[in-house]
Amino acid sequence: MNWLLDNLELIGELTVQHLRLSAIPIVLGFVLSIPLGWVAYRYKLTRGLILTFVGLLYTIPSLAMFVILPPIIGTPYISEANVVIALTIYAVAIMARSVADALASVDGDVKQAATAMGYGGFRRFWTVDFPLAGPVVLAGLRVVAVSTISLLTIGSAIGVSTLGYLFTNGNQRGIVVSVLTGVIVTVIIALVVDRLLVLLGRLLMPWTRAMAQPGAQRRALASASGRSRAAEVAT
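Keep in mind the model is a prediction, meaning the values are calculated, not measured.

## Quick notes on a nonpolar patch on the surface
- A cluster of nonpolar residues, Val176, Leu180, Val183, Ile184, Val187, Ile188, Leu191, Val192, Leu196 and Leu199, forms a patch on the protein surface that exposes about 910 Å² of accessible area.
- Relative to the helices and strands, Leu199 is located in helix H9 (residues 176-204).

Written out as structure tokens, the structure is:
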């Protein structure tokens, strides 16, 4: 307990650093996976190739990835860039499949109805397909967030300051409280980020509860179509 009280400032600094380094690959992985997942979904000939490739990337052990990347990208071994790029690769590996599966889960009748209403490919994707695929995409993003926060602790093995430092330093010095603190704080961060993503999903996708009902996607689009026609008549 004395160790914990004496090192609150260190724990706080490592927590902030851990959050900062976690946020970058989570956001980058999400952004990069959207076009990659769309290509995997849209073109069936490339689906197996893309998803198999990103799946194989995820099987590479994280510590090995941290060691392999520097000679390839030309960065020092002790660099935050190595950790961020490696975790971004893992994030894309998870999210690309999630995006492809999410787009495939959208009701085909809804897509056809949107096309019949005059929605072009780009407009339909952002206003119909992607919003309706949102819950599945969010589920994948939650997995990415938790796994990224967890894997980041290994970055301490190559000298990058994260909460993993409490593991390695505590183990080397035989301080059990340090190891337990690192574990507990990492778990708390993962849980908090996961809950924040759930709340953000509810805020950005208020229609998800209604969409859970059978045929809700078709009813929602039909309702939108009716409002659109009424507006045209009124004008």
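## Things to note about helix H8 (residues 164-173)
- Here H8 has its buried residues at Gly164, Leu166, Asn169 and Gly170.
- As for H8, its buried residues are in contact with helix H1 (2-6), helix H2 (8-42) and H9.
- Remark: Gly174 follows H8 within two positions and exhibits a positive phi of approximately 70 degrees.

## Some details on the side chain of Thr15
- Structurally, Thr15 can be placed in helix H2.
- A relative accessible area of 17% places Thr15 in the buried class.
- Setting aside its immediate chain neighbours within four residues, Thr15 contacts Leu163, Val185 and Ile189.

## Some remarks on the confidence of the model for the protein
- Residues at a pLDDT of 70 or more form 88% of the protein, whose mean pLDDT is 84.
- Low pLDDT (under 50) marks residues 223-235, which in the prediction has 1 contact with non-local residues, meaning those over four places away or in another chain.

## What about the packing of aromatic side chains?
- Counted according to the given criterion, the structure contains 6 aromatic pairs.
- Plain terms: the ring middles of Trp38 and Tyr43 are 5.9 Å apart, the flat faces sit at 90 degrees to each other, and that makes the pair edge-to-face.
- For Tyr43, a relative accessible area of 41% corresponds to the partly exposed category.
- Judged by centre distance (6.4 Å) and plane angle (65 degrees), the ring pair of Phe122 and Trp126 falls under edge-to-face. Residue Phe122 and its partner Trp126 are located together in helix H7 (residues 121-151), separated by 4 residues, close to a single helical turn.
- Judged by its relative accessible area of 40%, Trp126 falls in the partly exposed class.
- We note Arg42 situated over the ring of Tyr43; from NZ or CZ to the ring centre the distance is 5.3 Å.

The rules we used
Residues numbered from 1 in each chain as written. Predicted model: local features only at pLDDT ≥ 70, side-chain atom pairs only at ≥ 80, totals over all residues. Heavy atoms only, no water. Patch = residues over 30% accessible without salt bridge, like charges linked within 9 Å, V, L, I, M, F, W, Y side chains within 5 Å. Areas by Shrake-Rupley, 256 points an atom, 1.4 Å probe, with all protein chains shown as cover. Salt bridge = Lys/Arg side-chain N within 4 Å of Asp/Glu carboxyl O. Helix = DSSP H or I, 4+ residues; strand = E, 2+ residues; numbered from the N terminus. Buried < 20%, exposed > 50% of the residue type's maximum accessible area, 1.4 Å probe, protein only. Contact = heavy atoms within 4.5 Å. pLDDT = per-residue confidence, 0-100. Phe/Tyr/Trp six-rings, centres within 6.5 Å; stacked < 30°, edge-to-face > 60°. Lys NZ or Arg CZ within 6 Å of the ring centre and 35° of its normal.

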